[in-house]
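# Residue-level structure breakdown
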Protein chains: 2
Amino acid sequence: MRLSEAVEWAIHSCAVLVSLPHGAALPGAKLAEFHELPGAYLAKHLASLARAGIVEATVGRQGGYRLARPPAEITLWDIVAAVEGEEPLFRCTEIRRRGPAADRPSAYKGPCGIALAMRNAEAAWRAELERVTLADVCLGALVNAPPASVQRTAEWMAAAAKLPTA
Amino acid sequence: MRLSEAVEWAIHSCAVLVSLPHGAALPGAKLAEFHELPGAYLAKHLASLARAGIVEATVGRQGGYRLARPPAEITLWDIVAAVEGEEPLFRCTEIRRRGPAADRPSAYKGPCGIALAMRNAEAAWRAELERVTLADVCLGALVNAPPASVQRTAEWMAAAAKLPTA
């Protein structure tokens, strides 16, 4: 019962892209370097984020990744779902329909009460992830970040960002 | 990102035990038979439920499993945590402390804002699982169960239960 570490990588990567100058992009290798992440694995997850319309890849010498939408329009759920998929945490295999007390399949009209209760709990998790945007998270992360790290991030990003060519 | 199927087994097993006559126990093999589950694997998870004080094992010829507490005092979270452990879904590896912009470790006073946001969402999931008891779940499951299956369950349980010896 654990989200993959790629969820942490993906959220941090999106948070880094928030500080890019308008129109600029950051090469995937630089994104990996910023958090010392394995480049090939991160690239795979950046591709998932791109397919989900969260980041977009620009091509050419100035190519790289940038957010495809404003950070206030990207929720944590968007990122989690892009990386992990939208399959529920709890999977009901309808075991109530097996065994000596089972009725014929057509007699089971409503969903299993156990699956319903588990899905309700999951909906609460998802609702909270949908409520929080990347903009909220970046603000929260900035508050707790050491000021020197914030400043170094800005300098590093300015040097690493590929500005759009005229 | 998925709970193990043992969570489904464990909740259904506890739900079956709710209908035992007072003081009676149900052999583990019968519990497995009731939902056509693999006996050895189910036994492992029943042992986890026993360690968590959710079920208790009685010994001897009349031995088996029964609930250790009233169903209204067992929450879905109790069962999920017994089977899956209490480790969080999201694990923060503090990747903000790595890379070219990182500050010295002692400069990081508060938790990472990304981890905080993910933990808040998880807390909503856990709160919902803690709010719902096995008694609630059984009522919900009964409402959606075919009447014939409910009746067969009662008959099967009456035959399979081991009543306490005088």
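Here the structure is shown first, and the text comes after it.
Below or above, wherever it landed, is the structure these notes cover. Model, not experiment: these values are computed from the prediction.

### Notes on the pairing of strand β1 (residues 55-58) of chain B
Residue and element names in this part refer to chain B. Two strands pair when backbone bridges link them, and β1 and strand β2 (residues 64-67) are joined in this way by four bridges, in the antiparallel orientation. Along β2, the bridge assignment pairs Thr58 with Gly64. Here β1 hands over to β2 after five residues, with Gly60 in that stretch at a positive phi of 95°.

### A closer look at the relation of the copies chain B and chain A
Rotating chain B by 180° about the axis while translating it 0.0 Å along that axis superimposes it on chain A, leaving an RMSD of 0.0 Å. Those values place the two copies in the arrangement expected of a two-fold rotation axis. Across chain B, the rotation axis passes nearest the C-alpha of Trp125 of chain B, at a separation of 2.3 Å. A share of 100% of the interface residues of chain B reappears at the interface of chain A, consistent with the copies meeting face to face through the same patch.

### Notes on the side chain of Asp103 of chain A
Tracing the backbone through its elements, the reader meets Asp103 of chain A in the loop between α4 (76-84) and α5 (113-131). Residue Asp103 of chain A is classed as buried on the basis of its relative accessible area, which comes to 14%. Residues within four places of Asp103 of chain A in sequence aside, it is in contact with Tyr108 of chain A together with Pro146, Ala148, Ser149 and Arg152 of chain B.

### What to know about helix α7 (residues 147-160) of chain A
Residues and elements named next belong to chain A. With 14 residues, α7 should reach 20 Å at 1.5 Å per residue; the first-to-last C-alpha distance of 20 Å fits that figure. For α7, the full list of buried residues reads Ser149, Thr153, Trp156, Met157 and Ala160. In a view along the axis of α7, the buried residues occupy a sector of 100°, so they form one face of it. Turned more than 90 degrees off the buried face of α7, the exposed positions are Pro147, Gln151, Ala158 and Ala159. Structurally, α7 contributes buried residues whose contacts are with α1 (5-18) and α2 (28-34).

### Some details on the interface of chain B and chain A
On the chain A side, the residues contacting the 62 residues of chain B number 62 residues. For the pair chain B and chain A, the summed buried area comes to about 5700 Å², and 65% of that belongs to carbon and sulfur atoms. On the chain B side of the contact with chain A, Met1, Arg2 and Leu89 of chain B bury the most area, a combined 15% of that side's loss. At the boundary of chain B and chain A, one finds four salt bridges. Close ionic contact of Arg152 of chain B with Asp103 of chain A constitutes a salt bridge, the shortest N to O distance being 3.9 Å. Those elements that provide at least two residues to the side of chain B that touches chain A are α1 (5-18), α2 (28-34), α4 (76-84), α5 (113-131), α6 (134-144) and α7 (147-160) of chain B. Looking at the side of chain B that touches chain A element by element, the count peaks at 12 residues for α5 of chain B. Of the residues contributing to the side of chain B that touches chain A, the split by class is 36 nonpolar, 12 polar and 14 charged.

### Some remarks on the pattern of salt bridges
Enumeration over the complete set of coordinates arrives at 22 salt bridges over all chains. Here Arg69 of chain B makes a salt bridge to Asp78 of chain B, at a shortest N to O gap of 3.0 Å. The class for Arg69 of chain B is partly exposed, based on a relative accessible area of 26%. Members of the salt-bridge network, linked through shared partners, are Glu86, Arg126 and Glu130 of chain A.

### A few points about the nonpolar core
With 107 residues, the main nonpolar core has Leu49 and Trp125 of chain A together with Leu49 and Trp125 of chain B as its most contacted residues. For this core, the leading source of residues is α1 of chain B, giving nine residues. With residues up to four places along the chain from it excluded, the contact list for Trp125 of chain A reads Leu3, Trp77, Val80 and Leu89 of chain A together with Met1, Leu89, Ala121, Glu122 and Trp125 of chain B.

### Quick look at the environment of Glu94 of chain A
You can see Glu94 of chain A is positioned in the loop between α4 and α5. Apart from the residues within four sequence positions on either side, Glu94 of chain A is in contact with Cys112 of chain A together with Glu8 of chain B. At 2.9 Å, the side chain of Glu94 of chain A and the side chain of Arg97 of chain A are in polar contact.

### Describing the packing of α1 of chain A against α4 of chain A
Residues and elements named next belong to chain A. At a minimum axis distance of 9 Å, the contact between α1 and α4 shows a crossing angle of 130°. Put simply, α1 runs oblique to α4. Crossing hand, α1 versus α4: right-handed. For the pair α1 and α4, contact is made by Ala6, Val7, Ala10, Ile11 and Cys14 and by Leu76, Ile79, Val80, Val83 and Glu84, respectively.

Thresholds, definitions, all that
Residues numbered from 1 in each chain as written. Chains lettered and ligands numbered in written order. Predicted model: local features only at pLDDT ≥ 70, side-chain atom pairs only at ≥ 80, totals over all residues. Heavy atoms only, no water. Pairing = 2+ DSSP bridges. Helix = DSSP H or I, 4+ residues; strand = E, 2+ residues; numbered from the N terminus. Least-squares fit on C-alpha atoms with pLDDT ≥ 70 in both. Contact = heavy atoms within 4.5 Å. Buried < 20%, exposed > 50% of the residue type's maximum accessible area, 1.4 Å probe, protein only. Expected span 1.5 Å × (residues − 1). Arc of directions from axis to C-beta. Buried area = accessible area lost by both parts, 1.4 Å probe. Salt bridge = Lys/Arg side-chain N within 4 Å of Asp/Glu carboxyl O. Nonpolar A, V, L, I, M, F, W, Y, C, P; charged D, E, K, R; others polar. Core = buried A, V, L, I, M, F, W, Y, C linked by side-chain atoms within 4.5 Å. Polar contact = N/O pair within 3.5 Å; in protein donor to acceptor, adjacent residues only side chain to side chain. Axes fitted to C-alpha atoms, helices over the stretch in contact; angles between N-to-C directions. Parallel < 35°, antiparallel > 145°, perpendicular 65-115°, else oblique. Left-handed = near helix turned anticlockwise from the far one by under 90°.

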